[in-house]
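# Analysis of the macromolecular model
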Amino acid sequence: MSLLKSLGAESLFGDVSRMDKRQFFYQVLSFGMIVSSALMIWKGLMVVTGSESPIVVVLSGSMEPAFHRGDLLFLTNYPDEPVRVGEIVVFKVEGRDIPIVHRVIKLHEKSDGSVKFLTKGDNNSVDDRGLYAPGQLWLTKKDIVGRARGFLPYVGMITILMNEYPNFKFAILGILAIYVLLHRE
Amino acid sequence: MHNYFDRINNVTSFFVTITFLIILTLMSSTIVFPKDLDEEPILYSNTNMTKKIATFTVVYFDLEADFEALFNWNVKQLFIYVFAEFQKSNGVHVNMMIWDRILRRGSTDNWVNLKNVPAKYYLNDLKYLCSSNLTLSVHWISIPTAGVFYPYNHKESRITFPLPNDKTCSA
């Protein structure tokens, strides 16, 4: 009981017992407000950047020493921007859930303007043809999720931890939800 | 009101605010630094230095450049590469990297001096390369410690020469 006291649980549950019905609905609404504004920010970023996933976490060491596991990348994907050799792109391959972050090393442009390109990780000794779908030799613009525009180290580690330990994720989300619902403003 | 949840919450938001302020300062403090080399890199290759081996064409080249000037405290690494462009006889325009190197901040060896080195990546599609002109240039991309990627900004040296013809071409 003294542990609960020291965690501030007494004042927390004290808040609840002092709540009336209106107060409780207000709490539920403000909880909904937090969830929907997070969703709005994410969807808004999708509109502004043109990318279906504007922020990605680097999951492998294939781009070391540029990007390490747990680094955060900000992407844009404007349709009129040409893909260039040397650029770092994030792409999806059929049959793989996780998008890949690699560098464009070769690009073919036909006279009709259609473009196909090949990628390679800086830390890999061979190009990505082994990673593409069976029989796929090139990527095209529709495979691209975005191009890397901004970079923040380490922050993505939180996401990696949450994905590797789902219990940790549920615990964090649960605590936050309970806190928002029960805590009086 | 002052229970542990509040305190953790305040400390976290303070930490996040300060981190973003530091990143912003880091990014804006390096705006005045040069994004271009003092001198144009010296890149050289010619038709005779380009060899056909089996079904590939290997370009040998010379490159001399000092990249030290591009480094500051928000440049973690430079990715430098030799870029090749050519038009195949079937109308396809090819852009590719033929050589690359990663230079890191703090390394004592950011001066590149190469003499007659073979490209890392070969040109293939040999039957379409006859009487094509090859254009080579030097490019680089910097990766920040944190922040935005700087746009392409180069003092590039560009050379163009014809690819060698041999008996496979006359056939």
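Treat the numbers as computed from the prediction; the structure is a model and nothing was measured. (Residues numbered from 1 in each chain as written. Chains lettered and ligands numbered in written order. Predicted model: local features only at pLDDT ≥ 70, side-chain atom pairs only at ≥ 80, totals over all residues. Heavy atoms only, no water.)

### Describing the overall build of chain A
Helices and strands together make up the secondary structure of chain A, namely 5 helices and 6 strands. Counting from the amino terminus, chain A carries its helices and strands in the arrangement α-α-α-β-β-β-β-β-β-α-α. With 185 residues in all, chain A has 39% of them scored as buried. Contacts in chain A between residues far apart in sequence, at least 24 positions, make up 57% of those at least 6 positions apart. When the accessible area of chain A is evaluated, it comes to approximately 10,800 Å², of which 66% is carbon and sulfur surface. (Helix = DSSP H or I, 4+ residues; strand = E, 2+ residues; numbered from the N terminus. Buried < 20%, exposed > 50% of the residue type's maximum accessible area, 1.4 Å probe, protein only. Contact = heavy atoms within 4.5 Å. Areas by Shrake-Rupley, 256 points an atom, 1.4 Å probe, with all protein chains shown as cover.)

### A few points about the overall build of chain B
Broken down by element type, chain B carries 2 helices and 9 strands. Of the regular secondary structure in chain B, the N- to C-terminal order runs α-β-β-β-β-β-β-β-β-β-α. For 171 residues, the compact-globule estimate of 2.2 N^0.38 gives 16 Å, and chain B exceeds it by more than 25% at 23 Å. Each principal axis of the C-alpha distribution contributes one length, and for chain B these read about 90 × 30 × 20 Å. (Rg over C-alpha atoms; globule rule 2.2 N^0.38 Å.)

### Some details on the UniProt feature "domain: Peptidase S24/S26A/S26B/S26C" (unreviewed entry) in chain A
As annotated by UniProt and renumbered to match this structure, "domain: Peptidase S24/S26A/S26B/S26C" (unreviewed entry) occupies residues 42–127 of chain A. Here residues 42–127 of chain A is 9% helix and 33% strand, with 33 Å between the C-alpha atoms at its ends. (UniProt positions renumbered as here; feature names shortened; annotations may be inferred.)

### Examining the packing of helix α3 (residues 21–49) of chain A against helix α5 (residues 166–182) of chain A
Residues and elements named next belong to chain A. Where α3 meets α5, the axes come as close as 8 Å, and the angle between the chain directions of the two elements is 135°. Here α3 is positioned oblique relative to α5, judged by the angle of their axes. Residues Q27, V28, F31 and I34 of α3 lie in contact with α5, whose contacting residues are A177, V180, L181 and L182. (Axes fitted to C-alpha atoms, helices over the stretch in contact; angles between N-to-C directions. Parallel < 35°, antiparallel > 145°, perpendicular 65-115°, else oblique.)

### Focus on the interface of chain B and chain A
Every contact between the two is made by 35 residues of chain B and, on the other side, 37 residues of chain A. For the pair chain B and chain A, the summed buried surface comes to about 2,900 Å²; carbon and sulfur atoms form 62% of the total. For the pair chain B and chain A, the interface holds 0 salt bridges. Counting across the chain B and chain A interface gives 10 residue pairs in polar contact (both at pLDDT 80 or more). Every element with two or more residues in the side of chain B that touches chain A is listed here: α1 (4–29), β4 (77–87), β5 (93–104), β7 (133–143) and β8 (147–148) of chain B. Looking at the side of chain B that touches chain A, the element that brings in the most residues is β5 of chain B, giving 7 residues. Each residue belonging to the side of chain B that touches chain A can be placed in one class, and the counts come to 21 nonpolar, 9 polar and 5 charged. Relative to β5 of chain B, strand β4 (residues 100–109) of chain A is paired through 4 bridges, and the arrangement is antiparallel. Each bridged residue has a counterpart across the sheet, and for K106 of chain A the counterpart in β5 of chain B is M96 of chain B. (Buried area = accessible area lost by both parts, 1.4 Å probe. Salt bridge = Lys/Arg side-chain N within 4 Å of Asp/Glu carboxyl O. Polar contact = N/O pair within 3.5 Å; in protein donor to acceptor, adjacent residues only side chain to side chain. Nonpolar A, V, L, I, M, F, W, Y, C, P; charged D, E, K, R; others polar. Pairing = 2+ DSSP bridges.)

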